[in-house]
Amino acid sequence: MSRTPSAAPLRGRRSSSARGRRLLGIAAIATTAALAISGCAPIAALVQQATAREPELPPRPDGTVEGFGAQQPDWVPCGDGLECAVVHAPLDWEQTSGETISLSLVKQQALGGDAIGTLFVNPGGPGASGIDYLSGGVGGAVQPEVQEAYDVVAWDPRGVGASTPVTCLDDAAMDDYLFGVDPAEQGLEMGSDAWMDAALAHERDFGEACLEQSGDLLAHVSTAETVRDLDMLRAIAGDPQLNYLGYSYGTYIGARYADAYPDRVGRLVLDGAMDPSATLADVVREQTRGFETALRAYTTDCLTRDDCPLDGPVDVAMAQISALLDRVEAEPLTGSDGRAFTVSTMLTAIITPLYSQSNWGYLDELFSTVAAGDADTGLMLADFYYDRQNGAYLSNSTEAFTAINCLDYPAGSSDRDQMRADAAELDEIAPTIGRFQGYGDLACAAWPEQPTSERGPVAGAGAAPILVVGTTGDPATPYRWAESLADQLESGVLVTYQGEGHTAYGENDCIDDTIDAYLLTGATPAADPQCS
């Protein structure tokens, strides 16, 4: 069967191209620049660009928390003024004397010479590679003045990319998981017991493959464990306090860090904020609402242009999009490479450009080509979302995304009638895409590892001021989440961007000036600047 068109959060990651990509219900992809299908460079490839020597692991720590924080990384040049290194981390932070994993890092030393500290950067996800992000251009992460002042460091979190990765399927099997169509599923009514049984079997097979390939790691890739890794990296850098810039899901890492280590908070910027207290049902509902609103904003804009593939008033045009989805659901298209273009894939193709207004033009092409029976533009957009190029998956972002979320979110409802009621609510609040966003609880219901985290508010009691940045038109991390997080944090300072798209830093001079001043001096605005 094709991957169920039910929601899990959407991935949220920020692209490093120019100025500036699913979370468990829908995912959050932070494409704040024109879409570009670009390769992801693993750390070994980066190192080979500049030196024949790969970084070596330091001696294995003595098994204490302090020992892990005292590691001396072997930094080696790895192209474009960057340095790369790899360090140990405990597989299980409750058993620091046991098995270890490795974490890969990339650094640009302060361009001004004397660094005022280290600025750790995370592009989101979960499952996005910090190595790929920073190597794609440090300017896509932080502004020039900040690069002058800080050593800028990114890392691949546990389970991701060049760090010890979660692995599940080869390329062909991943294609079948994401794009394949099971003839046995055809004709099943979405939400029926038979449909849910098929969906659960599909997800169970995927989870079992992940467990077989990843082993004990699969139980140890939660955000809580990444927070402990981040504190270890802070200690390795020699900084008494953490300076951090997190985008999208990266804001959740930062918020949980502030709650766990408030006395170690230096200057934290959380852009495209998540609400740590939001349940899976909350995430699915708000992201579904957000992407429906963003799609409506695109449609409103499209109808002002002569080349718009839609026509009529906005409601009529939205109905045309809905009719295209119905048509593809009933009769999936086939791409020139033979892959099926199902309604699940079309939904991914629609959502991907909605992360940034600069990418809305791709929707013109998508709707025109699908109406003509051509699936290739839609498959190209889905490939961008899944980090797929020329039939190969350039990262393990899909595997890591699922593995992390299934530990981070408490098990959802197993009551099928409740799932149907929740699905009906999504259909009501998002008439165009909502009917395809239900049944998110199925995503992790058959996962082989049990959740290890609880969702709940954070306080960061006693922490230094923390900037929480929200964009009013953000479809992936709705603005109300930024408001909620700023309220939860005792020292939260809300900074609003009145605009469209996912994340704001690097998109607006007012936002840039506010964040730069904070990172460089610690100054926070006396009141929300309401940037526009």
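Residues numbered from 1 in each chain as written. Predicted model: local features only at pLDDT ≥ 70, side-chain atom pairs only at ≥ 80, totals over all residues. Heavy atoms only, no water.

### Things to note about the overall build of the protein
For the protein, the helix and strand inventory stands at 18 helices and 15 strands. Looking at the protein residue by residue over its 532 residues, the buried ones come to 60%. Approximately 18,500 Å² of the protein is accessible, and the part contributed by carbon and sulfur atoms is 47%. (Helix = DSSP H or I, 4+ residues; strand = E, 2+ residues; numbered from the N terminus. Buried < 20%, exposed > 50% of the residue type's maximum accessible area, 1.4 Å probe, protein only. Areas by Shrake-Rupley, 256 points an atom, 1.4 Å probe, with all protein chains shown as cover.)

### Describing the environment of Gly391
Within the secondary structure, Gly391 is located in the loop between strand S12 (388–389) and strand S13 (392–393). As for Gly391 and Ala172, which are separated by 219 residues in sequence, their C-alpha atoms are 8.1 Å apart.

### Quick word on a negative patch on the surface
Together, Glu145, Glu148, Asp509 and Asp513 make up a negatively charged patch on the protein surface. Within the residue set of the negative patch, elements represented by two or more residues are helix H4 (144–149) and helix H18 (509–521). With a relative accessible area of 61%, Asp509 lands in the exposed category. (Patch = residues over 30% accessible without salt bridge, like charges linked within 9 Å, V, L, I, M, F, W, Y side chains within 5 Å. Salt bridge = Lys/Arg side-chain N within 4 Å of Asp/Glu carboxyl O. Lys, Arg positive; Asp, Glu negative; His and termini not counted. Charge placed at Lys NZ, Arg CZ, Asp CG, Glu CD.)

### Some remarks on the packing of helix H11 (residues 343–351) against helix H12 (residues 361–371)
Contact geometry for H11 and H12: axes closest at 9 Å, N-to-C directions at 155°. One way to sum up the angle between H11 and H12 is to call them roughly antiparallel. The crossing of H11 and H12 is left-handed. Only Leu363, Leu366, Phe367 and Val370 of H12 make contact with H11, whose side of the interface consists of Met346, Ala349 and Ile350. Within the contact of H11 with H12, the residues separate by chemical class into seven nonpolar, no polar and no charged. (Axes fitted to C-alpha atoms, helices over the stretch in contact; angles between N-to-C directions. Parallel < 35°, antiparallel > 145°, perpendicular 65-115°, else oblique. Left-handed = near helix turned anticlockwise from the far one by under 90°. Contact = heavy atoms within 4.5 Å. Nonpolar A, V, L, I, M, F, W, Y, C, P; charged D, E, K, R; others polar.)

### Notes on the state of the cysteines
Every disulfide links exactly two cysteines, by a covalent bond between their sulfur atoms. In total, this model carries five disulfides according to the counting rule given. One disulfide bridge connects Cys302 with Cys308, the sulfur atoms lying 1.9 Å from each other. Judged by the sign of its S-S torsion, about 110°, the bond between Cys302 and Cys308 is right-handed. The exposure class of Cys308 is buried, given its relative accessible area of 13%. Residue pairing for Cys406: its cysteine sulfur links by disulfide to Cys444, the two sulfurs lying 1.9 Å apart. Given an S-S torsion of about -85°, the disulfide between Cys406 and Cys444 has left-handed geometry. Of this pair, Cys406 sits in helix H14 (residues 397–408) while Cys444 sits in helix H16 (residues 442–445), and the two are 38 residues apart along the sequence. (Disulfide = S-S within 2.5 Å.)

### Observations concerning the side chain of Thr345
Along the chain, Thr345 falls in helix H11. Accessibility expressed as a relative area gives 3% for Thr345, which makes it buried. Dropping the residues within four chain positions of it, Thr345 is found in contact with Leu178, Phe179, Ala340, Leu379 and Ala382.

### Remarks on helix H7 (residues 223–237)
Taking 1.5 Å of rise per residue, 15 residues should cover 21 Å, and H7 covers 21 Å from first to last C-alpha, within 8% of that figure. Among the 15 residues in H7, 11 count as buried, and that is most of the element. Taken as a whole, H7 has its buried residues at Thr223, Glu225, Thr226, Val227, Asp229, Leu230, Asp231, Met232, Leu233, Arg234 and Ile236. At the exit of H7 stands Gly238, carrying a positive phi of roughly 85°. (Expected span 1.5 Å × (residues − 1).)

### Here we look at the pattern of salt bridges
For the structure shown, the criterion picks out 23 salt bridges. Arg420 is the salt-bridge partner of Asp193, the closest N and O atoms lying 2.7 Å from each other. In this pair, Asp193 is assigned in helix H6 (residues 193–214) and Arg420 in helix H15 (residues 416–429), connecting sequence segments 227 residues apart. The class for Arg420 is partly exposed, based on a relative accessible area of 27%. Here the salt bridges do not stand alone but share partners, grouping Asp175, Asp337, Arg339, Asp383 and Arg388 into one network.

### Focus: the sheet that holds strand S2 (residues 76–77)
Backbone hydrogen bonds hold the strands of a sheet together, and the pairing may be parallel or antiparallel. Here nine strands make up an open sheet; going across it, the order is S2-S3-S4-S7-S5-S8-S9-S14-S15 and the pairing mixed. Each of the sheet's edge strands pairs with one partner strand only, and the pair in question is S2 and strand S15 (492–500). Sheet topology places S2 next to strand S3 (residues 83–90); two bridges connect them, and they run antiparallel. Residue pairing in the sheet places Val76 in a bridge with Cys84 of S3. Docked against the sheet, H7 engages S3, strand S4 (100–108), strand S5 (117–122), strand S7 (150–155) and strand S8 (242–247), running at close to 125° with respect to S3. (Pairing = 2+ DSSP bridges.)

### Brief notes about the nonpolar core
Counting 103 residues, the largest nonpolar core has Ile350 and Phe367 as its most contacted members. Looking at this core element by element, the count peaks at eight residues for helix H9 (residues 280–302). If sequence neighbours within four positions are ignored, Ile350 has contacts with Leu295, Ile321, Leu325, Leu363, Leu366 and Phe367. Leu119, Tyr150, Tyr247 and Val269 belong to the second-largest nonpolar core, a separate cluster that totals 32 residues. (Core = buried A, V, L, I, M, F, W, Y, C linked by side-chain atoms within 4.5 Å.)

### Describing the pairing of S4
Along a regular strand, successive side chains alternate from one face of the sheet to the other. Most of S4 is tucked away: eight of the nine residues are buried. Relative to S4, S3 runs antiparallel, the two being bridged by eight bridges. Bridge pairing links Ala85 to Leu105 in S4.

### Observations concerning the side chain of His220
The residue His220 is located in the loop between H6 and H7 in this model. Residue classification places His220 among the buried positions, given a relative accessible area of 16%.

### Digging into the packing of H6 against H15
The interhelical angle for the contact between H6 and H15, taken along N-to-C directions, is 95°, at an axis separation of 12 Å. By the angle between their directions, the pair H6 and H15 is classed as roughly perpendicular. Facing H6, whose interface residues are Asp193, Met196, Asp197 and Leu200, H15 presents Arg416, Met419 and Arg420. Partitioning the contact of H6 with H15 into residue classes produces three nonpolar, no polar and four charged.

### Digging into the pairing of S15
Sheet analysis places strand S14 (residues 466–473) next to S15, joined by seven bridges and oriented parallel. The partner of Gly473 across the bridge, within S15, is Glu500. Each parallel crossover has a hand, and for S14 linked through helix H17 (residues 479–488) to S15 it is right-handed. (Right-handed = clockwise from strand over helix to strand, strands pointing away.)

### Considerations on the confidence of the model for the protein
Detailed reading of predicted coordinates is not advised where the pLDDT is low. Here the protein averages 90 in pLDDT, while 89% of its residues score no lower than 70. Confidence over residues 1–7 falls short of pLDDT 50; this stretch has 50 contacts with residues more than four positions distant or in other chains. (pLDDT = per-residue confidence, 0-100.)

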